[in-house]
Every structure is written in C-alpha cells, then in structure tokens.
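As a plain string of letters, each chain reads:
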Amino acid sequence: MARRTVLLALAAGLAAVSAIWMLQGLPSGPARGFVLGLRAERLAGLVLVGASTGIATILFQTVAANRVLTPQIMGFDALYILLQTLLVAALGIAGFAALPVWAKFAGEVGVMALLSSLLFGALLGQGTRDIPRMILTGVILGVMFRALNAFIGRVLDPNEFAVVQQASFASFSKLDATLLPAGLVLTLVGGISAARMAGRLDVLALGRDSAISLGLRQGRFVPMVLALVAIMTSVATALVGPITFFGLIVAGLTHGMMRSARHADLLPAAALIAAITLVLGQLGFERLMGQAGFLSVGIEFAGGLFFLFLLIRGRIR
Amino acid sequence: MRLVPAGLAVLALLACASLTVGAASVSILDATRDPRAALILMESRLPRTLAVILTGAALAVAGVVLQALVRNRFVGPETTGTAESAALGLLAVSVWAPASPIWAKMVAASLAAMAGTALFVAVIRRIPVREVMLVPIAGLVLSGVIGSVATFVGWQTDLLQYVNAWLMAGEFSGVLAGRYELLWVAAAAAGLAWFAADRFAILGLGEGVATGLGLSPGGVMRLGLAVVAVVTAMVVTTVGMIPFVGLVVPNIVARVMGDNLRASIPAVAVLGAVLLLACDLLGRLVRFPYEIPVGTILGVVGAMIFLWLLYRRPAHG
Amino acid sequence: MIRISGLGHRIGSARILDDISADLPRGALTALIGPNGAGKSTLLRLIGRLETLQTGQIALDGRDIRHTPTEALALRMAVLGQQTAIASRLRLRELVAFGRWPHHRGRPRPDDARIVEDALAAFGLLDLGGRFLDEVSGGQAQRAYLAMTVAQDTDWLLLDEPLNNLDMAHARALMARLAELVREQKKSVVTVIHEVNYAAAWADHVVAMKGGRIVARGAPHEVLTSGILTQLYDTPVEVGSHLGRPLILHHA
C-alpha cells in the first residue's frame, strides 16, 4: 500500500539522516569516542523533541478540527516564556541557574501541562462549535501573555533580562543530556497512548454530530487528548525551548505526504517527519553554516515560508 | 455620529489629565507665569500628549483601511507583517547607510512596510473568502517569517535591541518636542484615508462591485497600502509598534456604526486616540512615578477588550 | 416508540421549543414538517442527543436517553445532522465503514465489510467507493453519509433534511429506500423534511410544527389538509391527490 511505502521511506530517511549526523566529518583518534557520544545525545534529543511535537500537533489539530492551529499558536509558547520570566524575576539569576536540572524540568512540565490543559480545555471544551472565535481567543491570549511578559521584563535588570531572552529561543545545544532518559520515557508513553487512541481519533475527526451519533464519549475523550497534547508539548518545550511554527510545518507536511486521514498513519508519519526535519536542519546549521544556536530562527523562517506556500497552493483547509 | 462629539469630549478631558500627569508636579495654570512649568509643558507634556493622540488615531484608521482592503475583521498592522517589514527596512538602512538623514530612514521604512503589506495582500488573495480564520493566521505566520529575518540580521549586526524596541515595546516616555513630529505625517496619511473613505468601503464590497462602479481596484488597493504602510512605518520608527489599536477599535466602531467608512472613520480616529491616551495615562499612574509602556498596557487591556467583544454575543461573522 | 414529554429548549433568550409532548411510533416513517424556525431540527437533535436536554424527558423504547450510556444509544439509533464540511480526507468507502464503529469499536470483522458494501450498493455508490469525499459532488457525498447511517444498522434512524443536495431521482430513491427499510427490516425512521410532498408520498406519520410547538399530528391525509397547511406555512395551499396520497400544491 502506498501509505506503508511512505512510512517505510520516512523511516529509512531518518536512518540515513541519523547516519550522516553521526558519521560526517568524524575526527579520528581519541576524540572520536567523545564526539560520537556527544552526537548520539544530541541526536536522541532532536528525535525526541521532533516526535513529541509532531504527535502533539496532529492530536491537537484533530480536536480543533482545523489544520492551521497548533498548541504554540494558541498561546502555549507565550505562556512558557512568561513562566520563565516569572521564575527569573522570583529567583534572580543565581537562583534560576542554581535550580537543579531535574527539578526545573519536572516543574516546568508539570506546571505547563496543567496550565495549558486548562487553557486548551477552556478554548476547545465546548467542542468544535465556534472555531473562529476559539482561534482568535488563542491568538489574543498569546499576545496578552507576551505583553505581560514584557511588563515583568521591565522589572528585571539587564542581566536577568538577557537570561530570559536566552530562554525564549529554542536552542538544541542547551539540551541537558541528563534529561534524556526522562524525556524518552515520557515521549514513548505519550506516543503509545496516542497510538491506542487512533481509532477514536478517526471517529472524532468525522465531526461532532457524527462522532456523537457513533457513540463516542466526547466529554471524556477530548479532555484526555488535550491533556496528552499538553504533556507532550511541555516535554518538548522544557527540553529545548519554544519553536512556534515547527508543529505547523510538520502537520502540513504530514497531511500533504500521507494522503490518508487515519491517525494510525498520521501519527507515526508526523513523528518521523518532525525528527528528520530537526536533524537535517541542525545538520545544516551546524556543519554547513557553522552556528549551532539558531535552528529555531531558521525553522520559523523556512517553516513559515513553507506554510505560506501550502496556503497559496490551496493545500491547507 | 453621536460617538464623535462624545468621544471628543472624553478626549479633551483625558488630554488635560495627560498634561498634568508627570514626574515633575506642574500645574497648567502656572504655565503662563512660571517659565520652568512652561518649558516642561511645551517640551515634554504637550508633545507627548499630542504624540499619543496622533498615534492612536492614525493606527486605528490604518486598521480600518486594512480590514477593508483584506475584507476581514480580524487583522491589524501588527498581524500582517507590516510592522516587521518596517523594522527590516530600518535595519537595512541602519546597516548599509547609517549616516542617512532621518527622512531617508523614514522613506526606507515606509517602502519596506508597503512591500510587506503588499506581500500579505498577495498571499491573502489566494485564500478562499469563506476561510475567514486563515487570514489572521497567515498574517501571523508572515509576521513570524519576516520577524525571524529581522531578528537574525539584528543578531548578526548587534542591532537586536533596536529591533526588539521597534517591534515589541511601544512607548511614549522618550517623546520630546522635536522627536515626534513624524507622527503628524502618520496623521496626514490617516486624513488621506478619510478623503478616500468611500473608495475603500466600495473595495470592501468586492473587486467586481468596485469595477462595476467605475473604480480601479488596483489603484484603490495601492492607495490603501500606502496609507497603512506610512502610518505603521512612522509609528514603529518613532515609538515602536503598539498592538491592538488597529485591530480592536475598528471592530468596536463597526458594531455600533457599521461599515460606512466615510461616517465611521472620524469615530474610529477619536476612539483610537481615547483608547491609547487612557492606556498611556494608566501606564503613567499605576506605578507613579515610574512608567509602564503603553504597549504593555494595551497588550493586556486590548486583549481583554477584544475577548469581551468576542464573547459578548454569539458568533459574529 | 420514542416518547417525548414536556420538552422545552431555549438558546439564549429565544424559546425554540415550547412544551413538546409526542409519541413517535415504532416501525413507521415519521416526517417532521413545518416552516423555517419551527424547531424541527432542534427536536430531532435533542432526540439524537446531539444537544443537551434542558427541560423535559425523552424515552427511546422505554429507556430515558439522559440515563442511557451513549455507546448503547449508538447501537439503537443513528443520527444524521445537516452536514458541515469535514476536514478529514476520507474515501467514501472509509466514511461508510465508520457506520460500523459502534459495533466493532476499532476491530472490524468480515461481516462489517459486507454490510458496508451492501450500504454502498443500496445508494449507488459502489463505483465511487474509492474516491475521496472532496472529489465527489454534493449529492454523492450526501448519499455517502446516508449509507454510513444505514450501515450503522440501528432500529431507529434520525435524519435531518436528508434530501438536501439530492436531485429528483436520488431523492425519490432515498425515500423509497427508507420506506423499504421500514417495511422489510422493521426499522423506524424520523426525518425532518422540507419539501412537504415527500412527506405526503412516503410518510406513515406526520408531525407538523410551528413556532416551537406541535400544531398537528397523525396520518398524512389527516395532517396534510389545505386548512392545516395554509395555517402552518402562512401561504395559501391547495391539496389534491395522486396515487392515493395527498399532493400539495404550493408553488403558485
């Protein structure tokens, strides 16, 4: 079947890209082992973040019945940056830096998952009744969080502000390897949960009336999906920081490539495409352009362009 | 037109209040006798008050013109890539011809803003009209794309701080006599919009209708773009981008007065000035004698007003 | 039988349904007719639990729908609302296959595939089974939704204006099919119908609504009279006869 072929091709693509990542320009001698280890860690991080974001975005778009929304656009990223600002304001630079990595990660995932569940629940809880209003609300809330963030930023001194600035851009070089196991577990659990929901997600995608008629318990199912979205998005963001349009690109590419509406196909495809995009992107930035830190800017740029391209071609509805 | 006289009265009140609020306690009445009071009034308070009024009015009118051009209520100069383009233009001039006189910089910013807005309109035309929500989302993405370019260039050239100030922190605390006069240009552009109001309103009915009535849709579109671009460029350069005014005020006025632009533009201008002046006053009073930038206040207040508008009645087209 | 007692419904400050009580017979084709804004769709949606019940009670074959799990209801009644565009890119066959979901909950059996093919055939869609929803005409998509509802194989079918988008031939074919389901397979159908003549020609039971109330109910020849219809639609209506059934003349 064509779908299987595409999935296999994607998996092969990821394998190929990973191989290049690990082996390209490898130094010989004693440094080799060290570099391999480092690259393996970074690769794991990229794949994790990609898979989490890809899966979460597909889930979110099914619940929102809309292909142009993502958790990030709906205010998630702004909420995250606000949280960082509040942390720095409350703890100061020294306190912020002294936070044990574990605690910060767990705390961030917990708080963000809770807050964003509330946010998405409030926005999407009424079912997909008034989509335009819900979209706008998310966008407006995002702007509001950013304004609040700017306000609190005024309270910080320039050094503190610089720290917050750092936290506002996703950077794959700041991924702490000790978080990888936890991230891996969370992503795996999330992915498996999503896979088990695939059938019900297909029914949900038929629209509210049809889903209810077929006996899907919307009131219980939708919050579950949103909670999963919140957790997976929080994990990805807590690991490397926010990349606003990444999920959008991945979702657009996934739907474009997989001419299928079945979540059993979409979810793995999204995870693979996201991982490949991140690894390729980081490859380009690091090895071709020589700067490690600005993948997120590049993704915003390239991703945004791609989205507009899809829009113009009429591929997004 | 009841809005206009009432609005003007409120505006006058707020203006008087604005003239009296400030770090130095100065009474207006003393101005004729006390040279120091007169100085503060003429060099700082009055220019600032005028700047706020001009900006509020001009931005609101630019918003209403933009909404007519794009035939969508949910756009404003901050969600179309216009502000980001203006910033990019400023960046370009600052990098390549840093010694240019101010008027050259303004021209560069305006041209860049026009190009950015034209790009936005070109993208929007490819979206089916019934997909109302795709328009602001596309605008957001375009803003993000252009913004990422501006950020990247800013980072490379060490002008990132300026970029952020242009794009995010709209504030009037730096306004002195001799530093704000460009806003009169913005106001003049807004005035031009009022003269051409009927054309914009007709264009808002569709190109077919416009042609049938003997208008050149392309010509009206270019005029509208010029107005929006000039206003945004002047505002961004002088005080930085102020969110929400161009988005919220036209919507409020349209609810009361409908879309007859010739009648509603004066109301939009007055209400825009009132809103901005009220928020500016709030920013000056909340933590007296420190100031909170009006962009921040609006980010919160504007968001709340817009949400109230959205949820006050069931779904509005 | 569907027993409705004391049903009331408001949206905001507007009263959509006002103290509705009725019994909808089992094993019959019931048509809900009335002018725009009468509350027909709302009534149907409330029965199909697509909207939340505010006041009153609805019992489906003796069970209160408020207290019956939705999964159980899905095995007893299939609801077709007025369709809005689906974001999903589905082939017709896949859409119809969803009708079996309440039965297999994600684990389809060979029987299910057969029922799906039967449903496709019944609506003349076998050739189009592999096409995507957004590639077929509005009428063909509508028939696909109907096939899905039929594939759900329930005692009760609730249809909200199913004839929308259907040309004459397909509209007649659908009504014939529904009548056949009632006659041969002992199903019960409740359908909102806009064009009164279809109710006249095919319904066993007619419920006429206006302004949120039921103004008449009974067999077609009892309800579809010149007097009642003129009052119902606020326009002069004459009633003739065709093939032993009322023929409503409202066009000129």
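Note that the structure is predicted; figures quoted are calculated from it, not measured. (Residues numbered from 1 in each chain as written. Chains lettered and ligands numbered in written order. Predicted model: local features only at pLDDT ≥ 70, side-chain atom pairs only at ≥ 80, totals over all residues.)

1. Considering the overall build of chain C
Let me state the cut-off plainly: Secondary structure counts use DSSP, requiring at least four H or I residues in a row for a helix and at least two E residues in a row for a strand, with both numbered from the N terminus. Note on burial: count the other C-beta atoms lying within 10 Å of the residue's C-beta; 20 or more is buried, 12 or fewer is exposed, in between is partly exposed, and C-beta positions come from the backbone. Placing C-beta atoms from the backbone, we regard two residues as in contact once those atoms come within 7 Å.
The number of helices and strands found in chain C is ten helices and twelve strands. Dimensions of chain C, computed from C-alpha atoms along their principal axes, come out at roughly 50 × 40 × 35 Å. Residues counted as buried form 44% of the 252 residues belonging to chain C. The contacts of chain C with a sequence gap of at least 6 include a subset with a gap of at least 24, amounting to 64%.

2. Concerning the nonpolar core
Residues and elements named next belong to chain B. To be explicit about the condition: As used throughout, a nonpolar core is a set of buried Ala, Val, Leu, Ile, Met, Phe, Trp, Tyr and Cys residues joined through C-beta atoms within 7 Å of each other. Domains are outlined according to an automatic or database domain assignment.
Judged by nonpolar contacts, the single largest core of 288 residues is most densely connected at Ala 58, Val 61, Ala 186 and Val 231. Taken domain by domain, the makeup of this core includes at least three residues from each of domain 1 (1–76 + 245–317) and domain 2 (79–169 + 192–241). When residues no more than four places from it in sequence are discounted, the contact partners of Val 61 are Ala 190, Ala 193, Ile 265, Val 268 and Ala 269.

3. Observations regarding helix α7 (residues 182–195) of chain B
All names here are of chain B. Where we set the bar: By this rule the span expected of a helix is its residue count minus one, scaled by 1.5 Å. In this context, the arc is that of the directions from the helix axis out to the C-beta atoms.
Taking 1.5 Å per residue, 14 residues should reach 20 Å; α7 reaches 21 Å between its end C-alpha atoms and fits that length. Turning to α7, its buried residues are Leu 182, Leu 183, Ala 186, Ala 187, Ala 189, Ala 190 and Ala 193. One side of α7 holds all its buried residues, which, seen down the axis, span an arc of 160°. Looking at the buried side of α7, the elements it contacts are α2 (35–70), α4 (102–124), α8 (197–203), α10 (217–238) and α12 (261–285).

4. A word on the sheet that holds strand β4 (residues 55–60) of chain C
All names here are of chain C. Put simply, the rule reads: Should DSSP find at least two bridges between two strands, the strands are taken to pair.
If you walk across this open sheet you meet the four strands as β2-β1-β4-β5, and the pairing is antiparallel. Edge positions in the open sheet fall to β2 (14–24) and β5 (63–64), since each of these has one partner strand only. Bridge count for β4 against β5 is two bridges, and the pairing is antiparallel. Its bridge partner lying in β5, Leu 60 is registered against Arg 63.

5. A closer look at the pairing of strand β9 (residues 205–210) of chain C
Residue and element names in this part refer to chain C. The buried count for β9 comes to five of six residues, which makes it a mostly enclosed element. In this structure, strand β3 (residues 29–33) lies alongside β9, joined through four bridges in parallel fashion. Following the sheet pairing, Ile 33 is matched in β9 by Ala 208. Bridge count between β9 and strand β10 (residues 213–218): five bridges; the pairing is antiparallel. Pairing of Ala 208 across the sheet is with Ala 216, part of β10. Here β9 folds back onto β10, and the loop between the two strands holds two residues, one of which, Gly 211, carries a positive phi near 55°.

6. Focus on the sheet that holds β10 of chain C
All names here are of chain C. Counted only if it meets this: Every axis corresponds to a line fitted to the C-alpha atoms, with the helix fit spanning only the stretch in contact, and the corresponding angles, defined between N-to-C directions, vary from 0 to 180 degrees.
Taking strand neighbours across the sheet as the criterion, the six strands line up as β6-β7-β8-β3-β9-β10 in an open arrangement whose pairing is mixed. The open sheet is flanked by β6 (77–80) and β10, the only strands paired with a single partner. In this sheet, neighbouring strand axes are inclined to one another by 15° on average, regardless of whether the strands run parallel or antiparallel.

7. Description of the packing of helix α3 (residues 82–96) of chain B against helix α5 (residues 134–156) of chain B
Residue and element names in this part refer to chain B. The criterion, for reference: Oblique is the label for any angle not covered by the other classes, which are roughly parallel (under 35 degrees), roughly antiparallel (over 145) and roughly perpendicular (65 to 115). Throughout, a crossing is termed right-handed when the near helix is turned clockwise from the far one, and left-handed when it is turned anticlockwise from it by less than a right angle.
Axis separation between α3 and α5 bottoms out at 9 Å; the angle between their running directions is 25°. Taken together, the axes of α3 and α5 lie roughly parallel to each other. Read as a crossing pair, α3 and α5 show a hand that is left-handed. Across from Glu 84, Ser 85, Ala 87, Leu 88 and Leu 91 in α3, the residues of α5 making contact are Ser 143, Ile 146, Gly 147, Val 149, Ala 150, Val 153 and Gly 154.

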